[in-house]
Amino acid sequence: QKEVEQNSGPLSVPEGAIASLNCTYSDRGSQSFFWYRQYSGKSPELIMSIYSNGDKEDGRFTAQLNKASQYVSLLIRDSQPSDSATYLCAVETSGSRLTFGEGTQLTVNP
Amino acid sequence: GAGVSQSPSNKVTEKGKDVELRCDPISGHTALYWYRQSLGQGLEFLIYFQGNSAPDKSGLPSDRFSAERTGGSVSTLTIQRTQQEDSAVYLCASSFSGGAEGANVLTFGAGSRLTVL
């Protein structure tokens, strides 16, 4: 089992729709969780961090964490073409190492 | 510096040659990470530094790969006797550590693209 797994893509949604990105992790001791966005040919950039169970909202983005289920998700409301990118889930695993999932490629169609 | 600086941005080398990739993290960031990203793939963890020590070297793919960090700042990733499968973008990232929220949030450099012919 991979340490961090993301739902396989690519994911395509129409403009204005909600995009839902999912991630599961194997280390029950993980405490810090992150979503990064990576545009083609660019480096990853942080979108959201979440540390406690529940929802965390920032503008059109909502991160959801459920430690019991070892599950973290990212919702993008009112998706825009500019949201088209690869979204990477990152989990702080043992020894403070940040492990990334393979990423989910999102395309928002105008 | 204002951001994470990596050099060279592009490196083309012949199979069998050694290469050095450099990372200058954000001033004050104690943690420094190296990742590798092959075309269309996710980020592969290589090594993590806390200060000058490397508590986790488990991601280095072979003994041809080594990394050091001096003065708690600049890090160098060295690949000896490069192979074609080493071709990838090598990303460096840094963060501050501790219990405060925001710790362990990585800021990435622009990457060093390595092509081994």
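Residues numbered from 1 in each chain as written. Chains lettered and ligands numbered in written order. Predicted model: local features only at pLDDT ≥ 70, side-chain atom pairs only at ≥ 80, totals over all residues. Heavy atoms only, no water.

**Considerations on the state of the cysteines**
Residues and elements named next belong to chain A.
In step 1: Per the stated rule, a full pass over the model turns up 2 disulfides over all chains.
In step 2: In this model C23 forms its disulfide with C89; the gap between the sulfur atoms is 2.1 Å. Between C23 and C89, the S-S torsion sits near -75°, and that sign places the bridge as left-handed. Of the two residues, C23 is situated in strand β3 (residues 19-25) and C89 in strand β9 (residues 85-92); the sequence distance between them amounts to 66 residues. (Disulfide = S-S within 2.5 Å. Helix = DSSP H or I, 4+ residues; strand = E, 2+ residues; numbered from the N terminus.)

**Examining the pattern of salt bridges**
In step 1: Evaluated as defined, the whole model comprises 6 salt bridges over all chains.
In step 2: A salt bridge links D83 of chain A to R60 of chain A; its shortest N-O distance comes to 2.8 Å. With D83 of chain A in the loop between β8 (71-76) and β9 and R60 of chain A in the loop between β6 (54-58) and β7 (61-66), this pair connects stretches of sequence that are 23 residues apart.
In step 3: Here R36 of chain B makes a salt bridge to E44 of chain B, at a shortest N to O gap of 3.0 Å.
In step 4: Residue classification places E44 of chain B among the partly exposed residues on the basis of a relative accessible area of 32%. (Salt bridge = Lys/Arg side-chain N within 4 Å of Asp/Glu carboxyl O. Buried < 20%, exposed > 50% of the residue type's maximum accessible area, 1.4 Å probe, protein only.)

**Overview of the packing of aromatic side chains**
In step 1: Summed over all chains, the structure comprises 11 aromatic pairs over all chains.
In step 2: Ring centres of F34 of chain A and Y51 of chain A lie 6.1 Å apart, and the angle between their planes is 90°; on these two criteria the pair is classed as edge-to-face. Highlighted residues: F34 of chain A in strand β4 (residues 33-38) and Y51 of chain A in the loop between β5 (45-50) and β6, separated in sequence by 17 residues.
In step 3: Relative accessible area serves as the criterion here: at 1%, F34 of chain A is assigned to the buried category.
In step 4: Ring geometry for F100 of chain A against F108 of chain B: centres 6.0 Å apart, planes inclined by 70°, an arrangement best described as edge-to-face. Taken together, the residues span two chains, with F100 of chain A in strand β10 (residues 98-100) and F108 of chain B in strand β10 (residues 107-108). An identical accessibility class is assigned to F100 of chain A and F108 of chain B; each is buried.
In step 5: Taken together, the ring pairs in this structure connect F34, Y36, Y51 and F100 of chain A together with Y33, Y35, F45, Y48 and F108 of chain B into an aromatic cluster. (Phe/Tyr/Trp six-rings, centres within 6.5 Å; stacked < 30°, edge-to-face > 60°.)

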